[in-house]
Amino acid sequence: MTTPDLLTERKAFDGPTFSLSNRLKRLAWSMSWLLLARWTPPQARLWRLALLRAFGAKVSWRANVYPSVKVWAPWHLEMAPLAALAPRVEVYNIAPISIGEKAIVSQGAYLCTGTHDHRNPAFPLYARPIAIGRRAWVCAEAFVGPGVIVGEGAVLAARAVAFKPLAAWTVYQGNPAVAVNTRAEIVD
């Protein structure tokens, strides 16, 4: 590789990925969550939801977000009634994430909408939304990657990794996640 090629490749990583206004907005959000919500008891659910809503989240007043949850951009978060983000869930939502009614994202799970194009020397960041369907369950420490649609009632087992859509009422496990069972559809 010639010296000019190295310089061109190096320039691809120069400078911030996000605008100054985006970074300042995220700083304000992070400090607000840290000072006003992170320390609250689990029972202060409505207070945390109000704070998320103040920063643009579209969350139902009947949803639940625990204080140890980390949300990168609340303005990209949507939660239906009775949806839950359990303790230590990380929501890296540079693209929108929607969580359906009665869906559960269990402790330590990671929802990640962003990745990089490893085939491009500039290594650009790109993002794709995540949708978690009604009554779906993302179990403890599971990983949901960019663009994944978790179907209604689907289960992603503990520590499983999903990079492809998960069919409705199907149980997945492993890395990469594979279907291992089905579950009875719940009608209510």
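Residues numbered from 1 in each chain as written. Predicted model: local features only at pLDDT ≥ 70, side-chain atom pairs only at ≥ 80, totals over all residues. Heavy atoms only, no water.

## Looking at the overall build of the protein
Check the secondary structure of the protein and you find three helices and 19 strands. Seen through its C-alpha atoms, the protein measures out along the principal axes to roughly 65 × 40 × 20 Å. In the structure as shown, the protein presents an accessible area of about 10,200 Å², 60% of it carried by carbon and sulfur atoms. Side chains of the protein carry 21 positive and 11 negative charges; the gap between the two charge centres is 7 Å. (Helix = DSSP H or I, 4+ residues; strand = E, 2+ residues; numbered from the N terminus. Areas by Shrake-Rupley, 256 points an atom, 1.4 Å probe, with all protein chains shown as cover. Lys, Arg positive; Asp, Glu negative; His and termini not counted. Charge placed at Lys NZ, Arg CZ, Asp CG, Glu CD.)

## Observations regarding the layout of surface pockets
A volume near 260 Å³ is recorded for the largest pocket. In this structure, the largest pocket is lined by 16 residues; those nearest its centre are W29, S30, K70, V71 and W72. For the lining of the largest pocket, the elements supplying multiple residues, two or more each, are α2 (20-36), β3 (70-71) and β6 (90-92). By residue number, the principal contributor to the lining of the largest pocket is α2, which donates seven residues. Tallied by class, the residues present in the lining of the largest pocket amount to ten nonpolar, one polar and five charged. (1 Å grid on protein atoms, 1.4 Å probe; cavity = no way out; pocket = protein on both sides within 12 Å on 5 of 7 lines; lining within 4 Å. Points joined across faces, edges and corners; volume = space filled by probe spheres on them. Nonpolar A, V, L, I, M, F, W, Y, C, P; charged D, E, K, R; others polar.)

## A closer look at the packing of α2 against helix α3 (residues 45-54)
For the pair α2 and α3, interaxial distance at closest approach is 11 Å and the crossing angle is 165°. Judged by the inter-axis angle, α2 sits roughly antiparallel to α3. The handedness of the crossing between α2 and α3 comes out as right-handed. Contacts from W29, S32, W33 and L36 in α2 reach W47, R48, L51 and L52 in α3. Tallied by class, the residues present in the contact of α2 with α3 amount to six nonpolar, one polar and one charged. (Axes fitted to C-alpha atoms, helices over the stretch in contact; angles between N-to-C directions. Parallel < 35°, antiparallel > 145°, perpendicular 65-115°, else oblique. Left-handed = near helix turned anticlockwise from the far one by under 90°. Contact = heavy atoms within 4.5 Å.)

## A closer look at the packing of aromatic side chains
For the coordinates displayed, the defined rule picks out six aromatic pairs. Ring centres of W29 and W33 lie 5.3 Å apart, and the angle between their planes is 40°; this geometry places the pair in the tilted category. With a gap of four residues between them, W29 and W33 both fall in helix α2, about one helical turn apart. Just as W29 is buried, W33 falls in that class too. With 5.8 Å between their ring centres and 15° between their planes, Y110 and F143 make a pair best called stacked. (Phe/Tyr/Trp six-rings, centres within 6.5 Å; stacked < 30°, edge-to-face > 60°. Buried < 20%, exposed > 50% of the residue type's maximum accessible area, 1.4 Å probe, protein only.)

## Concerning the pattern of salt bridges
With the rule as written, the count across this model stands at seven salt bridges. Where R159 meets E141, a salt bridge forms, and the shortest distance between an N and an O atom there is 2.5 Å. A residue pair is termed long-range when its members are at least 10 positions apart, and R159 in the loop between β16 (155-156) and β17 (161-162) and E141 in the loop between β13 (137-138) and β14 (143-144) qualify at 18 residues. Connected via shared salt-bridge partners are E101, K102, R134, R135, E152 and D188. (Salt bridge = Lys/Arg side-chain N within 4 Å of Asp/Glu carboxyl O.)

## Notes on the sheet that holds β16
Taken in spatial order, the seven strands of this open sheet run β2-β5-β8-β13-β16-β18-β19, and their pairing is mixed. The sheet is open, and its two borders are formed by β2 (64-65) and β19 (178-182), each paired with just one other strand. (Pairing = 2+ DSSP bridges.)

## Let's talk about the pairing of strand β18 (residues 170-173)
Pairing of β16 with β18, which is carried by two bridges, proceeds in the parallel orientation. When the bridges of β18 are listed, L156 appears paired with Y172. The sheet contact formed by β18 and β19 spans four bridges and is antiparallel. Bridging across to β19, Q173 finds its partner in V178. A loop of four residues connects β18 with β19, the two strands running antiparallel in sequence, and G174 in this loop sits at a positive phi of about 95°.

So far we have only geometry, and geometry alone does not tell us how the molecule works.
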